[in-house]
Amino acid sequence: MASKVLAGDRRAVARAISLVEDGSPDLPALSEALYPRTGRSYTVGVTGSPGVGKSSLLAELVRVARAHDRTVAVLAIDPTSPFSGGALLGDRLRMQSHATDPGVFIRSMATRGHLGGMALAAPEAIRVLDASGKDVVLVETVGVGQAEVEVATATDTTLVVVAPGWGDSVQVSKAGILEIADVFVVNKADKEGAPAAVRDLRSMLRMGRQQPWDPPIVQISAVAAQGIEDLWTAIDSHRRFQEESGRLGGRRRRRIVDELKGMVAERLRQRA
Ligand code: GDP
């Protein structure tokens, strides 16, 4: 299976992700075979409250990535079930235009048997997609709880999406996602209140401590396909900033350390 995944075989990739979901006993051997061939994808996490337009935004990002000749994988993290209906079915419809493109792989994932939960399952699934040779891996998390935040930060660039009129400024500060955003996206800029949302975010950012990277705030409209190029550019600027400052390697190493700590804690918990 590993050699098929490395060759980009879609069915093998899908089956490998099912092994991750199930927490299969075959998983360590598969991960071991894939790991040396990872690290080439650029990973982007997308988080934000339900309804802000994450899936609409992802469909647009896929389009722009393809226009830039990049291959893309989308991993939608669904904490409940891959068949939970509504929202995810909606995603699939919007994503339908990409579904037949061999340069795009779309998959939603739940944790069925993986004992480490999403925090430990997501990095393994991301590595499968990375090893399969996709240039960009987009990871969507539903909601803004602690687990979602963890998954969204287990990537190279984290996007926090808000929409006007959702009281998101409050949610952003409460959930501590102000700190994790590398890029803020104000979606639904076609609606009233987008400039106010931008102002809110700006003033909240000014209150925080100075960081070497100043997270940009990008206004987009996913349904009107506006501002997506700007968003792509913002993601690329963050990537270049991290590469040129040597931070990308550090961020990835920290992720591995966190993951290992999580695995050790999980094993200890099981023994207890
Ligand atoms: P998610 O729950 O964050 O994934 O949000 P969805 O992508 O499912 O979008 C939620 C709703 O917002 C849907 O009805 C979308 O059509 C709508 N929506 C998404 N993006 C925009 C936008 O840019 N402008 C407007 N007006 N509506 C949008």
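Now for a quick tour of the structure. Just so we're clear, the structure is a prediction, and the values are computed from it rather than from any experiment.

Procedures and definitions
Residues numbered from 1 in each chain as written. Predicted model: local features only at pLDDT ≥ 70, side-chain atom pairs only at ≥ 80, totals over all residues. Heavy atoms only, no water. Phe/Tyr/Trp six-rings, centres within 6.5 Å; stacked < 30°, edge-to-face > 60°. Helix = DSSP H or I, 4+ residues; strand = E, 2+ residues; numbered from the N terminus. Buried < 20%, exposed > 50% of the residue type's maximum accessible area, 1.4 Å probe, protein only. 1 Å grid on protein atoms, 1.4 Å probe; cavity = no way out; pocket = protein on both sides within 12 Å on 5 of 7 lines; lining within 4 Å. Points joined across faces, edges and corners; volume = space filled by probe spheres on them. Nonpolar A, V, L, I, M, F, W, Y, C, P; charged D, E, K, R; others polar. Core = buried A, V, L, I, M, F, W, Y, C linked by side-chain atoms within 4.5 Å. Contact = heavy atoms within 4.5 Å. Patch = residues over 30% accessible without salt bridge, like charges linked within 9 Å, V, L, I, M, F, W, Y side chains within 5 Å. Areas by Shrake-Rupley, 256 points an atom, 1.4 Å probe, with all protein chains shown as cover. Salt bridge = Lys/Arg side-chain N within 4 Å of Asp/Glu carboxyl O.

## Focus on the packing of aromatic side chains
Remark: the centre distance and the inter-plane angle together describe each pair of aromatic rings, the angle taken between the planes. Within the structure shown, the criterion is met by one aromatic pair. Consider the rings of tryptophan 213 and phenylalanine 241, whose centres lie 5.1 Å apart with planes at 35°: the pair is tilted. Of this pair, tryptophan 213 sits in the loop between helix H9 (194-207) and strand S7 (217-219) while phenylalanine 241 sits in helix H10 (residues 228-245), and the two are 28 residues apart along the sequence. With a relative accessible area of 16%, tryptophan 213 lands in the buried category.

## Quick word on empty space enclosed by the protein
Over the atoms, a rolled probe matching the size of one water molecule traces out where space is still vacant. Taken as a whole, this structure holds one cavity of 30 Å³ or more when the rule is applied. Taken as a whole, the largest cavity holds about 40 Å³ of empty space. Lining the largest cavity are Gly8, Arg10, Val13, Phe105, Ser132 and Lys134. For the lining of the largest cavity, a count of residues per class yields two nonpolar, two polar and two charged.

## A short note on the nonpolar core
Within the largest apolar cluster, 29 residues are counted, with the highest numbers of intra-cluster contacts made by Leu61, Leu138, Leu159, Ile220 and Leu231. Listed by contribution, the elements that provide at least two residues to this core are strand S1 (42-47), helix H4 (54-67), strand S2 (72-77), strand S4 (136-141), strand S5 (157-162), strand S6 (183-186) and H10. Top element by residues in this core is H4. It accounts for six residues. Among all residues touching leucine 138, those that are not within four sequence positions of it are Val44, Leu58, Leu61, Val62, Val72, Ala73, Val74 and Leu75.

## Details of a nonpolar patch on the surface
Taken together, Leu260, Met263, Val264 and Leu268 make up a surface patch of nonpolar side chains, about 360 Å² in accessible area. Turning to its location among the elements, valine 264 is positioned in helix H11 (residues 247-271). In this structure valine 264 comes out as partly exposed when scored by relative accessible area, which is 44%.

So far we have only geometry, and geometry alone does not tell us how the molecule works.
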